[in-house]
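# Geometric and topological summary
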Amino acid sequence: MAMAGLYRRVLPSPPAIEFSSSEGKQLFSEALRSGHMEGFFNLISSFQTQSEPAYCGLASLSMVLNALAIDPGRKWKGPWRWFDESMLDCCEPLEKIKAKGIAFGKVVCLAHCAGAKVEAFRTNQSTLNDFRQHVITCTSSEDNHVITSYHRASFKQTGSGHFSPIGGYHAGRDMVLILDVARFKYPPHWVPLPLLWEAMNTVDETTGNYRGFMLISRLHRAPSLLYTLSCKHESWVSTSKYLMDDVPLLLESEDVKNVQQVLSVVFTSLPNNFGEFIKWVAEVRRQEDGNSSLSTEEKERLAVKEEVLKQVREAGLYKHVTEWFSSANSCCQNIPSLDGDDTLSQIAASVCCQGAELLTGNSSTSNEFCCKETCVKCLKANGDMPVTVVSGTVLSGCSEQGVELLVPSSPTRRRACCGSSSSNYFGMHPVSNDVVTVLLLALPPRTWSGIKEEKLKQEISSLVSTESLPLLLQEEVLHLRQQLKFLRRCQDKEVIDGLSTPSVS
């Protein structure tokens, strides 16, 4: 006999008070008059139900990102750019999250990668009074939100570890409104703030770390435009440590005489899978029948990426990196070769599969998708500059999905486009030289302080100085530098700590 399943749970009350009850409405009305529901309306406009039992962290984060009106810079479905759980995969594979849940620190990482400003606190790093003050500040503003990580047992609820945003605060009763993203299980409800602190002040048995809360707001400047760091691959720990800790010591211990020797010291000891640590960003969209034109917004976003790429290739350091890659020194196997049309097609095949996964909302592994074919082509219309587009047909079971990858490029040569016998403009997409250059620029200035020869140290300092960079590239480098510091700090404080106990909501 088939199981009937469950339709919601009865909310244990006390300690919780259901939001839609008479008492819950009264609390809402009083909190609204006191000015502690300012962020509620943006949150409730973006309120969503987690689509998987272990997606509470992803649902909470996408809800807050949308409430803050942060533009993901890529399409969700149709023409719409909107955060969805399926798009939050830069720090952990979705299939892994679906099976085992997500750790507190990985949600912090995802928020940072998505372009938000994040401050994270475990309960052993904060106090009840500090938490209360943060809640008061955030609920009095439309621009700051709190996501809590807590254990449901403190509220007499079934389940274990859970994430949800706070929607408001009642000062007179010292209660917070939890907008529970597991709406199939429990409705939004008010709980005493000290009891929520108690629920957060529990240890995740899998990681041995305390739960906590995070404050999320908009950055005052745009996130990265073309390059981003990733902690999706487990090698990010060794790579960030190497760049932040080992490189300065290596340069201090070696007697380097010129820029090429400096680059050799940095590159020849790179950790394995270094190429998984920094990525260049491309936009993926559905392939529309008979229409390959770009919208005005797509052209604008692509133009900004291409300007960043152009500025990287005009930087003084880029010339030295290119020289190193062209020399016999560049035999390092840990730097991926991203040059050539064949590699672009290989990249496109992988990205198109990932893109199809996102566009279809399928959170399974992209191994279920097979790229039937890819085609590099250039689009040009109405006097616009040509655009490099890789189109692909992705197979999943019996269905096909046409996907296009908009590739930022800079002009390098002419070549024949797919489906065309004529020679056309073709741009070179981001390659190893560009990626490595921008990462070197993002290293902290102290990295080079151990170089013994003063004249060489001054030359390197001039090459990596952000003050001399054009504004777009300067912002890109500073964002990457902040990402690098953030990841290193996460490692030091054990903020990112592997998987948490699987969420059962």
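Computed from a predicted model, the values in this text were never measured in an experiment.

## Some thoughts on the pairing of strand 4 (residues 161-170)
Regular strands show a simple pattern: their side chains alternate between the two faces of the sheet. Strand 4 sits mainly inside the fold: 10 of its 10 residues count as buried. Examined bridge by bridge, strand 3 (residues 144-151) and strand 4 share 6 bridges and lie antiparallel to one another. Along strand 4, the bridge assignment pairs threonine 148 with serine 164. Remark: 4 residues form the turn of the hairpin made by strand 4 and strand 5 (residues 175-178), two consecutive strands paired antiparallel; aspartate 174 in that turn has positive phi of roughly 55 degrees.

## As for the nonpolar core
In terms of nonpolar packing, the biggest core is built from 98 residues, with Trp190, Ile216, Tyr227, Leu440 and Trp448 touching the most fellow members. Considering each element in turn, this core owes the most residues, 8 residues, to helix 3 (residues 56-67). Residue-level mapping places this core at the junction of two domains, with at least three residues from each of domain 1 (17-218) and domain 2 (227-410 + 428-436). Among the nonpolar cores identified, the runner-up in size contains 23 residues, and Val135, Tyr186, Val191 and Met200 belong to it.

## A word on helix 3
For helix 3, spanning 12 residues, the distance from its first C-alpha to its last is 16 Å, which sits close to the expected 16 Å at 1.5 Å a residue. Residues of helix 3 that are buried: Cys56, Gly57, Leu58, Ala59, Ser60, Leu61, Ser62, Met63, Val64, Leu65, Asn66 and Ala67.

## Looking at a nonpolar patch on the surface
There is a patch of nonpolar side chains on the surface, built from Leu32, Phe41 and Ile44 and spanning about 230 Å² of accessible area. Residue position: phenylalanine 41 is located in helix 2 (residues 40-45).

## Some thoughts on the confidence of the model for the protein
Mean pLDDT for the protein: 81, with 77% of residues reaching 70 or above. Of all secondary-structure elements in the protein, the lowest mean pLDDT belongs to strand 15 (residues 423-428), at 46, while strand 5 reaches the highest, 98. Confidence over residues 338-342 falls short of pLDDT 50; this stretch has 13 contacts with residues more than four positions distant or in other chains. Every residue in residues 494-504 scores below 50 in pLDDT, and together they form 49 contacts with partners more than four places removed in sequence or on other chains.

## Observations regarding the packing of aromatic side chains
By the definition in use, this model includes 12 aromatic pairs. Consider the rings of phenylalanine 28 and phenylalanine 41, whose centres lie 6.4 Å apart with planes at 70 degrees: the pair is edge-to-face. Of this pair, phenylalanine 28 sits in helix 1 (residues 22-34) while phenylalanine 41 sits in helix 2, and the two are 13 residues apart along the sequence. Look at phenylalanine 28 and you get buried, because its relative accessible area is 18%.

## Regarding the environment of phenylalanine 486
Within the secondary structure, phenylalanine 486 is located in helix 15 (residues 471-493). When its relative accessible area of 7% is taken as the criterion, phenylalanine 486 is described as buried. For phenylalanine 486 and cysteine 109, which are 377 residues apart along the polypeptide, the C-alpha to C-alpha distance reads 8.6 Å.

Quick notes on the rules
Residues numbered from 1 in each chain as written. Predicted model: local features only at pLDDT ≥ 70, side-chain atom pairs only at ≥ 80, totals over all residues. Heavy atoms only, no water. Buried < 20%, exposed > 50% of the residue type's maximum accessible area, 1.4 Å probe, protein only. Helix = DSSP H or I, 4+ residues; strand = E, 2+ residues; numbered from the N terminus. Pairing = 2+ DSSP bridges. Core = buried A, V, L, I, M, F, W, Y, C linked by side-chain atoms within 4.5 Å. Domains from an automatic or database assignment. Expected span 1.5 Å × (residues − 1). Patch = residues over 30% accessible without salt bridge, like charges linked within 9 Å, V, L, I, M, F, W, Y side chains within 5 Å. Areas by Shrake-Rupley, 256 points an atom, 1.4 Å probe, with all protein chains shown as cover. Salt bridge = Lys/Arg side-chain N within 4 Å of Asp/Glu carboxyl O. pLDDT = per-residue confidence, 0-100. Contact = heavy atoms within 4.5 Å. Phe/Tyr/Trp six-rings, centres within 6.5 Å; stacked < 30°, edge-to-face > 60°.

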